[in-house]
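Read off the chains here:
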Amino acid sequence: MATISPAPATPPLVLTTVADVLQHFEGIPPERIRLQPPPGTATELDLLAILAREQRLCELIDGVLVEKAVGYYESRLAAEITFLVMLFLESHDLGLATGDGGMSQYRAGLVYIPDGQFVSWNRLPAGRTPREPIPPLVPNLVVEVLSKTNTRKEMKRKLRDYFETGVQVVWEVEPRKRVINVYQSPTNRVTLHEDDELNGGEVLPGFSVKVATIFARADGKRE
């Protein structure tokens, strides 16, 4: 049985009716909100059990399991960004990068699965990759590639949670618009178009790639 590192307890969320759930998670499509375990009671172990039993990725928000929105092209974009960051880290020993599927506990009762993330060495316990399935670890940089079912209200909530727990930068990729929104706070956004350069700022100093290059690599067109 997988073990989860202990975290400070938080008051349980009381959700009595379906209306309570929909109101609390406004903006998240109802078909992605799981009712078992009962909303407000789910834990990290429930999340891992569903992954093992159903091969479904879920995030844990206030004791509720929310299925992660996924898509093939979105995964390709996330993989290309992660690859470019990892390539950069080979010559700039700043920390570790992971791709989609990497779970992190941002605080007790809050587990997100970003499409990519970078964690500096000073945030890594003992300077090594955690072995827990859901380490209590807040990355410096998060990559979120929007799928069709991701809504603006959902992403607003995620941005708030990310920055409140210590994330420094969020790269939010919009595949249909072919732009990347760079956030340094929930309200500080710069939108980069294909002619612009995406850089690592203070988190990944020296990293730079043209936005058009990322989308071209994800498109994977054969000559």
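Further up the page is the structure itself.
1. Some details on the overall build of the chain
- Of the regular secondary structure elements, the chain holds five helices and twelve strands.
- Principal-axis analysis of the C-alpha atoms gives the chain an extent of 50 × 40 × 35 Å.
- Sequence-distant contacts in the chain: of pairs separated by 6 or more residues, those separated by 24 or more amount to 59%.
- By element, 55% of the accessible surface of the chain is carried by carbon and sulfur atoms, the whole surface being about 11,600 Å².
- Within the chain, the 29 negative side-chain charges are centred at a point lying 2 Å from the centre of the 25 positive side-chain charges.

2. Things to note about the side chain of glutamate 80
- Secondary-structure assignment places glutamate 80 in helix 3 (residues 72–91).
- A distance of 2.8 Å separates the side chain of glutamate 80 from the side chain of arginine 217, its partner in a polar contact.

3. Side note on the packing of aromatic side chains
- Tallied over the entire structure, the rule returns five aromatic pairs.
- An aromatic cluster of three or more residues is present, and its members are Phe88, Trp171 and Phe207.

4. Considerations on the layout of surface pockets
- By volume, the second largest pocket is sized at about 250 Å³.
- Considering the residues around the second largest pocket, the lining is formed by 16 residues, among which Thr98, Gln117, Pro130, Pro135 and Leu137 are closest to the centre.
- Each residue belonging to the lining of the second largest pocket can be placed in one class, and the counts come to nine nonpolar, six polar and one charged.

5. Describing the nonpolar core
- With 27 residues, the main nonpolar core has Trp171, Ile180, Leu198 and Leu204 as its most contacted residues.
- Those elements giving two or more residues to this core turn out to be helix 3, strand 7 (141–145), strand 8 (169–174), strand 9 (179–183), strand 12 (204–210) and helix 5 (211–219).
- Broken down by element, the residue count for this core peaks at seven residues, all from helix 3.
- When near neighbours in sequence (up to four residues on either side) are disregarded, isoleucine 180 contacts Trp171, Glu172, Val173, Val190, Thr191, Leu192, Leu198, Val211, Ile214 and Phe215.
- With 18 residues, the next largest nonpolar core counts Val21, Ile61, Val138 and Phe163 among its residues.

6. Some remarks on the sheet that holds strand 4 (residues 104–107)
- What the four strands build is an open sheet, ordered 2-1-5-4; its pairing is antiparallel. Each edge of the sheet is formed by a strand with only one pairing partner; in this case those strands are strand 2 (64–67) and strand 4. Neighbour to neighbour, the strand axes of the sheet diverge by 35° on average, direction disregarded.
- Sheet strands touched by helix 2 (residues 44–54): strand 1 (58–61), strand 2, strand 4 and strand 5 (110–112). Its angle to strand 1, the strand with the most contacts, is close to 165°.
- Its contacts with the sheet place helix 4 (residues 152–165) against strand 1, strand 4 and strand 5, and it is angled at close to 110° to strand 5.

7. Examining the side chain of glutamate 74
- With respect to the helices and strands, glutamate 74 occurs in helix 3.
- In this view, glutamate 74 contacts Val145, Leu146, Ser147, Lys148, Pro175 and Arg176; residues no more than four positions away in its chain are not counted.

8. Details of the pattern of salt bridges
- According to the stated counting rule, one finds 20 salt bridges in the structure shown.
- Note that lysine 158 is salt-bridged to glutamate 59, the shortest N-O span being 3.2 Å. Here lysine 158, found in helix 4, pairs with glutamate 59, found in strand 1; they are 99 residues apart in sequence, far enough to count as distant. Of the two residues examined, lysine 158 and glutamate 59, each falls in the buried class.
- Notably, a salt bridge pairs aspartate 161 with arginine 160, separated by 3.3 Å at the nearest N-O pair.
- On the basis of relative accessibility, which here comes to 3%, the residue aspartate 161 falls in the buried class.
- Classification of arginine 160 as partly exposed rests on a relative accessible area of 38%.

9. Observations regarding helix 4
- With 14 residues, helix 4 should reach 20 Å at 1.5 Å per residue; the first-to-last C-alpha distance of 20 Å fits that figure.
- Those residues of helix 4 that fall on the buried side of the exposure criterion are Glu154, Met155, Arg157, Lys158, Leu159, Asp161, Tyr162, Phe163 and Thr165.
- Directly after helix 4, the chain includes glycine 166, whose backbone phi takes a positive value near 120°.

What counts and how
- Sequence order as written defines residue numbering, which begins from 1 separately in each chain.
- Where local features are concerned, this predicted model is filtered to residues with pLDDT of at least 70; where side-chain atom pairs are given and counted, the filter is 80 or more; whole-chain, interface and lining totals use all residues.
- Only hydrogens and water are removed before side-chain values are computed, so all heavy atoms of the structure are retained for them.
- Helix and strand definitions here come from DSSP, where helices need a minimum of 4 consecutive H or I residues and strands a minimum of 2 consecutive E residues; each element is numbered from the N-terminal end.
- A contact between two residues is defined here by any heavy atoms of the two lying within 4.5 Å.
- Surface accessibility in these figures is a Shrake-Rupley result with a 1.4 Å probe; residues are shielded only by whichever protein chains are displayed.
- Think of it this way: Lys and Arg go in the positive column, Asp and Glu in the negative one, and His and the chain ends go nowhere.
- Where a charge lies is defined by one atom per residue type: Lys uses NZ, Arg uses CZ, Asp uses CG and Glu uses CD.
- Here a polar contact means two N or O atoms within 3.5 Å. Within protein one must be a hydrogen donor candidate and the other an acceptor candidate, and residues neighboring in sequence count only if both atoms are side-chain atoms.
- Two aromatic rings, drawn from Phe, Tyr or Trp (for Trp, its six-membered ring), form a pair once their centres lie within 6.5 Å of each other, and the interplanar angle then sorts them: stacked below 30 degrees, edge-to-face above 60, tilted otherwise.
- Of the grid points, spaced at 1 Å and generated over the protein atoms alone, those admitting a 1.4 Å probe that cannot get out make up cavities, while open sets with protein on both sides within 12 Å along at least five of seven lines make up pockets; any residue with an atom within 4 Å of a point is treated as lining.
- Grid points are joined across faces, edges and corners, and a volume is the space filled by probe spheres set on the points.
- Only Asp, Glu, Lys and Arg are considered charged, only Ala, Val, Leu, Ile, Met, Phe, Trp, Tyr, Cys and Pro nonpolar, and every remaining residue, Gly among them, polar.
- What makes a nonpolar core is a set of buried Ala, Val, Leu, Ile, Met, Phe, Trp, Tyr and Cys residues whose side-chain atoms join them at distances within 4.5 Å.
- A 1.4 Å probe rolled over the protein chains alone gives each residue an accessible area, and that area as a share of the maximum for its type sets the label: buried under 20%, exposed over 50%, partly exposed in between.
- DSSP bridges decide pairing: two strands pair if at least two such bridges lie between them.
- To obtain each axis, a line is fitted to C-alpha atoms, and for helices this fit is confined to the stretch in contact; angles are then taken between N-to-C directions over 0 to 180 degrees.
- What makes a salt bridge here is a side-chain nitrogen of Lys or Arg within 4 Å of a carboxyl oxygen of Asp or Glu, nothing more.
- One fewer than the residue count of a helix, multiplied by 1.5 Å, yields its expected span.

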